[in-house]
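What follows is the residue order along each chain.
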Amino acid sequence: MNVYIVFAHPGKKSFTREVLDAFIIGLGDAGHTYELGDLYDMNFQTDMDLAQYKRETGLDPDVPVPEDVKREHEKIERADALVFIYPLWWSDCPAKLKGWFDRVWTYGYAYTYDDTEAGVHLSSKITIKKALVICPAGHTAEHLEEIGIAESMRRVMMHDRLLGVGVKEARIEILGGMVLNDETNRKKNLERAYRLGRDL
Ligand SMILES: Cc1cc2nc3c(=O)[nH]c(=O)nc-3n(C[C@H](O)[C@H](O)[C@H](O)COP(=O)(O)O)c2cc1C
């Protein structure tokens, strides 16, 4: 498979970066190819401007899709699978990635409302078979389950942002327990990141 990895962390040295590296080694061992979209490195624009807002809301549908957004669409079209790797920040993804969804999931690409006799039908041009979200977190995955945050992550990231735009299969893996940079958890999580790549 060819995988588009969307990566959102500002640091070159971070646990999230180590997760990315381990995941990529696993992907290679399984014979997969990948393209990396490092959103901070790319200085990806995450604020939607007024022109695009008008396009997305239908106030001015003739506004063209921005060139950087088109390039993201092309990377997605070249991929069979989409992988997101980012740290859990305030129970969600970093704003850098949230802005990627705001701008890249454009009307006419990620979703279109078709008026049919049976009512309004939602369609998408996204043909990705598989998506995987890998999210390092300070809290343990068990704690995030207990307090309802893991479920909110699944609802928003997996159901709304992925399955909701036509991705066929999606899952989230929380690599938790990193609050004190615990060495045992670090090792366990990096082995898991490797296996997630190898077994994608
Ligand atoms: C701004 C910020 C917000 C955070 N919010 C959460 C949170 O809501 N829940 C959580 O479990 N961990 C939270 N964390 C901890 C990170 O998810 C955790 O340290 C993760 O392993 C990323 O580490 P890294 O920055 O070394 O890649 C937060 C960290 C930062 C910097």
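Below, the structure is looked at part by part. (Residues numbered from 1 in each chain as written. Predicted model: local features only at pLDDT ≥ 70, side-chain atom pairs only at ≥ 80, totals over all residues. Heavy atoms only, no water.)

## Thoughts on the overall build of the protein chain
The secondary structure content of the protein chain amounts to seven helices and seven strands. Along the protein chain, helices (α) and strands (β) appear in the sequence β-α-β-α-α-β-α-β-β-β-α-α-β-α when read from the amino end. Against the 2.2 N^0.38 benchmark of 16 Å for 200 residues, the protein chain shows a C-alpha radius of gyration of 17 Å, consistent with a compact globule. With the C-alpha coordinates of the protein chain rotated into their principal frame, the extents come out at 55 × 35 × 35 Å. Counting only residues that meet the buried cut, the protein chain has 48% of its 200 residues in that class. Here the analysis covers contacts within the protein chain between residues at least 6 apart in sequence; of these, 75% occur between residues at least 24 apart. Within the structure as shown, the protein chain displays about 10,400 Å² of accessible surface, and the carbon and sulfur contribution to it stands at 52%. The positive charge centre, built from 26 side chains, and the negative charge centre, built from 33, are 4 Å apart in the protein chain. (Helix = DSSP H or I, 4+ residues; strand = E, 2+ residues; numbered from the N terminus. Rg over C-alpha atoms; globule rule 2.2 N^0.38 Å. Buried < 20%, exposed > 50% of the residue type's maximum accessible area, 1.4 Å probe, protein only. Contact = heavy atoms within 4.5 Å. Areas by Shrake-Rupley, 256 points an atom, 1.4 Å probe, with all protein chains shown as cover. Lys, Arg positive; Asp, Glu negative; His and termini not counted. Charge placed at Lys NZ, Arg CZ, Asp CG, Glu CD.)

## Here we look at the nonpolar core
Core analysis: the biggest nonpolar cluster contains 37 residues, and Phe 84, Leu 97, Trp 100 and Trp 105 have the highest contact counts within it. Only strand E1 (2-7), strand E3 (81-85), helix H4 (95-104), strand E6 (130-136), helix H6 (149-160) and strand E7 (169-175) provide two or more residues apiece to this core. If one sorts the elements of this core by residue count, H6 sits on top with five residues. Contacts of Leu 97, omitting those with residues within four sequence positions, involve Val 6, Ala 8, Leu 39, Phe 84, Tyr 86 and Met 157. In this structure, Phe 15, Leu 20, Ile 85 and Leu 132 belong to the second largest nonpolar core, which totals 21 residues. (Core = buried A, V, L, I, M, F, W, Y, C linked by side-chain atoms within 4.5 Å.)

## Some details on the side chain of Asp 68
By the element assignment, Asp 68 lies in helix H3 (residues 67-78). Among the residues examined, Asp 68 registers a relative accessible area of 18% and is labelled buried. Each residue touching Asp 68, except ones within four places of it in the same chain, is listed here: Phe 44, Gln 45 and Arg 103.

## Side note on the site of the ligand
Around the ligand there are 14 residues in total, and His 9, Thr 16, Leu 88, Trp 90 and His 139 lie nearest to it. Within the contact set of the ligand, an oxygen atom lies 2.8 Å away from a side-chain nitrogen or oxygen of His 9. Here an oxygen atom of the ligand sits 2.9 Å away from a polar atom, N or O, in the main chain of His 139. Out of a free accessible area of 640 Å², the ligand has 69% covered by protein chains. Considering only residue class, the shell around the ligand consists of eight nonpolar, six polar and no charged. (Near = heavy atom within 4 Å. Polar contact = N/O pair within 3.5 Å; in protein donor to acceptor, adjacent residues only side chain to side chain. Nonpolar A, V, L, I, M, F, W, Y, C, P; charged D, E, K, R; others polar.)

## What about the side chain of Arg 55?
Tracing the backbone through its elements, the reader meets Arg 55 in helix H2 (residues 50-56). With relative accessibility at 14%, the residue Arg 55 sits in the buried group. With sequence-adjacent residues up to four places away left out, Arg 55 is seen in contact with Asp 60, Pro 61, Val 63, Pro 64, Val 65, Thr 106 and Tyr 107.

## Overview of the sheet that holds E3
Pairing is parallel in the open sheet, where five strands are placed in the order E2-E1-E3-E6-E7. Every interior strand has two partners, whereas the edge strands, strand E2 (33-38) and E7, have only one. When strand polarity is set aside, the average angle formed by the axes of neighbouring strands in this sheet is 15°. Pairing analysis gives five bridges linking E3 to E6, with the strands arranged parallel. Following the sheet pairing, Ile 85 is matched in E6 by Ile 134. Along the sheet, H3 contacts E1, E2 and E3; its crossing angle with E1, the most-contacted strand, is approximately 140°. Packed on one face of the sheet, H6 meets E3, E6 and E7 and runs near 140° to E7. (Pairing = 2+ DSSP bridges. Axes fitted to C-alpha atoms, helices over the stretch in contact; angles between N-to-C directions.)

## A few points about the packing of aromatic side chains
Taken as a whole and assessed by the stated rule, the structure comprises eight aromatic pairs. Between Phe 84 and Trp 100, the aromatic rings sit 5.6 Å apart at their centres with planes inclined by 75°, giving edge-to-face as the arrangement. Residue Phe 84 is located in strand E3, and its partner Trp 100 is located in helix H4; the two are separated by 16 residues in the primary sequence. Its relative accessible area of 0% is what places Phe 84 among the buried residues. For Trp 100, a relative accessible area of 0% puts it in the buried group. Between Tyr 107 and Tyr 113 the ring centres are 6.1 Å apart and the planes differ by 35°, which places this aromatic pair in the tilted class. A network of ring pairs unites the aromatic residues Phe 84, Trp 100, Phe 101 and Trp 105 as a single cluster. Of note, Lys 96 hangs over the ring of Tyr 40, and the distance from its end group to the ring centre comes to 5.4 Å. (Phe/Tyr/Trp six-rings, centres within 6.5 Å; stacked < 30°, edge-to-face > 60°. Lys NZ or Arg CZ within 6 Å of the ring centre and 35° of its normal.)

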